[in-house]
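# Descriptive structure summary
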Amino acid sequence: MAWTWRFEKSDGTETEPALQPEEFTTQGDAESWIGEFWKELLEGGAAQVTLFEDTTKVYGPMSLDADGA
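Calculation rules
Residues numbered from 1 in each chain as written. Predicted model: local features only at pLDDT ≥ 70, side-chain atom pairs only at ≥ 80, totals over all residues. Heavy atoms only, no water. Helix = DSSP H or I, 4+ residues; strand = E, 2+ residues; numbered from the N terminus. Rg over C-alpha atoms; globule rule 2.2 N^0.38 Å. Salt bridge = Lys/Arg side-chain N within 4 Å of Asp/Glu carboxyl O. Buried < 20%, exposed > 50% of the residue type's maximum accessible area, 1.4 Å probe, protein only. Pairing = 2+ DSSP bridges. Axes fitted to C-alpha atoms, helices over the stretch in contact; angles between N-to-C directions.

Along its length, the protein carries one helix and three strands. For the protein, the N- to C-terminal ordering of α and β elements is β-α-β-β. In terms of C-alpha radius of gyration, the protein reaches 11 Å, essentially the compact-globule figure of 11 Å for 69 residues. For the C-alpha atoms alone, the extent of the protein along its principal axes is close to 30 × 20 × 20 Å.

The structure is reproduced here in structure tokens:
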């Protein structure tokens, strides 16, 4: 099982992230990574992310904007 992030613009279209993560083996690892790098991802053009376990959507889209905009 692999945990992956989908990186999106504010309109929901997929975008290439400023930093390319590996596939994560646990949800906690994926969430820790996004917690560490959200600012760089936001500055690189990703406005929101969605978390997947294999092909199943777990949650999202979740805004990367600290103000929740």
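So, about the pattern of salt bridges. Applying the stated criterion to the full structure yields two salt bridges. Here Glu8 and Arg6 are joined by a salt bridge, their closest N and O atoms 2.6 Å apart. By relative accessible area, Glu8 is classed as buried at 6%. With a closest N to O distance of 3.1 Å, Arg6 and Glu14 form a salt bridge. If you follow the salt bridges from partner to partner, you end up with Arg6, Glu8 and Glu14 in one network.

The strand order across the open sheet formed by three strands is S1-S2-S3, and the pairing between neighbours is antiparallel. The open sheet is flanked by strand S1 (3-8) and strand S3 (56-63), the only strands paired with a single partner. For this sheet, the mean inter-axis angle between neighbouring strands, taken without regard to orientation, is 20°. Alignment of S1 against strand S2 (residues 48-53), held across six bridges, turns out to be antiparallel. Following the sheet pairing, Trp5 is matched in S2 by Leu51.

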